[in-house]
Amino acid sequence: RAVAMSVSHSSRLNKLVREQYMRLPQDGRVQVTYVWIDGSGEGVRCKSRTLDKEPKSIEDVPEWNFDGSSTAQAEGSNSDMFLVPVCMFRDPFCLDPNKLVLCEVLKYNRKPAETNLRHTCKKVMDLVKDSHPWFGMEQEYTLLGINGHPYGWPDNGFPGPQGPYYCGVGADKVYGRDIVESHYKACLYAGVKICGTNAEVMPSQWEFQVGPCEGIEMGDHLWMARFILHRVCEDFGVVATLDPKPMTGNWNGAGCHTNYSTEEMRREGGLKHIEAAIEKLSKRHDYHICVYDPRGGRDNLRRLTGHHETSSILEFSAGVANRGASIRIPRQVGQDGYGYFEDRRPAANCDPYAVTEAIMRTTVLNETGVETKDYADH
């Protein structure tokens, strides 16, 4: 019996007709798509314009503006917001020479918008650049039908219990691999530092990894990878949600595990620096929980239960090869005596700028307590 899939109307348009137009020459002009984070702190928006020639660097892309009252970022009476280009990628949807450009959002007075967390992250990363912080973030997400139900799940009921789905193969084990592989290729084409992907523990849940990235590059590349994911899903007519606990009950939540090291951690004898950093993190657990999801920890409250490969949100813990701890030291790192560690607390919908900034404030700038220092004048 044929099962009607819950996909969007747009995905059913004739894509061969679209290809006819996409092959038309552009006469030297270039389509640039500006991408930014909206007032929710989670959603991405985009719009496009034509440039007369291909930009060779981010400096060649002009600032632009948009209506902030339509993105929950401004009042209608004073709605113009500035788009300031910060990172440029190849466009995997319209192809070369067209570009995707990630932008910071500034308000009418040129101050950063409330959800522009890149601004302070960049200041912090500039301060700690001599420590050469490397990050790798593991972005989990769940595919939903346009009806909000996990893609591929029975219309009335649930799939079998978790177990066969993680890194699974087979039509009865994984759902939506076409989307995952298309996203992977699109990121490689764009120049995003994607480094892997796998099916996750809950059916219809997947993960991709971005890194290693140094400093501010981590947030830039993960946000663009998210934009590309949503855009690929649009073509297939399904939805990718970063909700940290999309299904209640005996199902895994979704995180954004963050792997981190400094240059001294990566050198011989680096384990003592790793342990020192973990000690600093242990004394600032509440601060990190507050910035590891967009709602001050309320989203992670649903996920960090101490079950389903998570630590408890109420307690800090660390261990070698322990996926039920706040911080995991990989077994190989414990054996080698140097390398990196993994912070397993960030939620899938975290802002990577906030996460990486917080880690640097605590482990390198030696901040304590729940307040942060303003380094604007330094």
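Residues numbered from 1 in each chain as written. Predicted model: local features only at pLDDT ≥ 70, side-chain atom pairs only at ≥ 80, totals over all residues. Heavy atoms only, no water.

1. Section: the environment of Trp-36
Here Trp-36 shows up in strand S1 (residues 30-37). Measuring from C-alpha to C-alpha, the distance between Trp-36 and Val-239 comes to 19 Å, with 203 residues separating the pair along the chain. Ignoring any residue separated from it by four or fewer positions in sequence, one finds Trp-36 in contact with Gly-43, Val-44, Arg-45, Cys-46, Lys-47, Phe-66, Thr-71, Gln-73, Leu-83, Cys-103 and Val-105. (Helix = DSSP H or I, 4+ residues; strand = E, 2+ residues; numbered from the N terminus. Contact = heavy atoms within 4.5 Å.)

2. Considering unusual backbone geometry
Of the consecutive residues Asp-96 and Pro-97, the connecting peptide bond is found in the cis state with omega at 5°. Among the secondary structure elements, Pro-97 is positioned in the loop between strand S4 (80-90) and strand S5 (99-106). Each neighbour pair has its own omega, and for Gly-211 with Pro-212 the value is -5°, a cis peptide bond. By the element assignment, Pro-212 lies in strand S8 (residues 205-214). Here Asp-27, not a glycine, exhibits a phi torsion of approximately 55°, which is positive. In this structure, Ser-204 is a non-glycine residue whose phi angle is positive, near 80°. Inspection of the secondary structure puts Ser-204 in the loop between strand S7 (194-199) and S8.

3. A short note on the packing of aromatic side chains
In this structure the tally under the stated criterion is eight aromatic pairs. Linked through ring pairs, Phe-135, Tyr-260 and Phe-341 together constitute an aromatic cluster. Just above the ring of Trp-64 sits the side chain of Lys-47; from NZ or CZ to the centre is 4.1 Å. In this structure, Arg-266 is placed above the aromatic ring of Trp-134, and the distance from its NZ or CZ to the ring centre is 3.7 Å. (Phe/Tyr/Trp six-rings, centres within 6.5 Å; stacked < 30°, edge-to-face > 60°. Lys NZ or Arg CZ within 6 Å of the ring centre and 35° of its normal.)

4. A look at the nonpolar core
A general feature of soluble globular proteins is that nonpolar side chains tend to end up buried together. The biggest cluster of nonpolar side chains holds 73 residues, and the ones touching the most others in it are Tyr-141, Leu-143, Val-192, Met-224, Ile-228 and Phe-341. It is helix H4 (residues 217-236) that contributes the most residues to this core, ten residues altogether. A domain-level breakdown of this core finds at least three residues from each of domain 1 (9-115) and domain 2 (125-364). Setting aside chain neighbours within four positions, we find Tyr-141 in contact with Val-180, Ser-204, Gln-205, Trp-206, Glu-207, Phe-208, Leu-229, Ala-240, Thr-241 and Leu-242. Counting 15 residues, the second largest nonpolar core, distinct from the first, contains Val-30, Met-81, Leu-83 and Val-105. (Core = buried A, V, L, I, M, F, W, Y, C linked by side-chain atoms within 4.5 Å. Buried < 20%, exposed > 50% of the residue type's maximum accessible area, 1.4 Å probe, protein only. Domains from an automatic or database assignment.)

5. Some details on the pairing of strand S10 (residues 256-261)
Of all six residues making up S10, six are buried, and the element is well covered by its neighbours. Burial of S10 is two-sided: the residues Cys-256, Thr-258 and Tyr-260 facing one way and the residues His-257, Asn-259 and Ser-261 facing the other way are all buried. Bridge count for S10 against strand S13 (residues 341-343) is three bridges, and the pairing is antiparallel. Bridged to Tyr-260 within S13 is Phe-341. (Pairing = 2+ DSSP bridges.)

Purely geometric numbers; function is a separate question.
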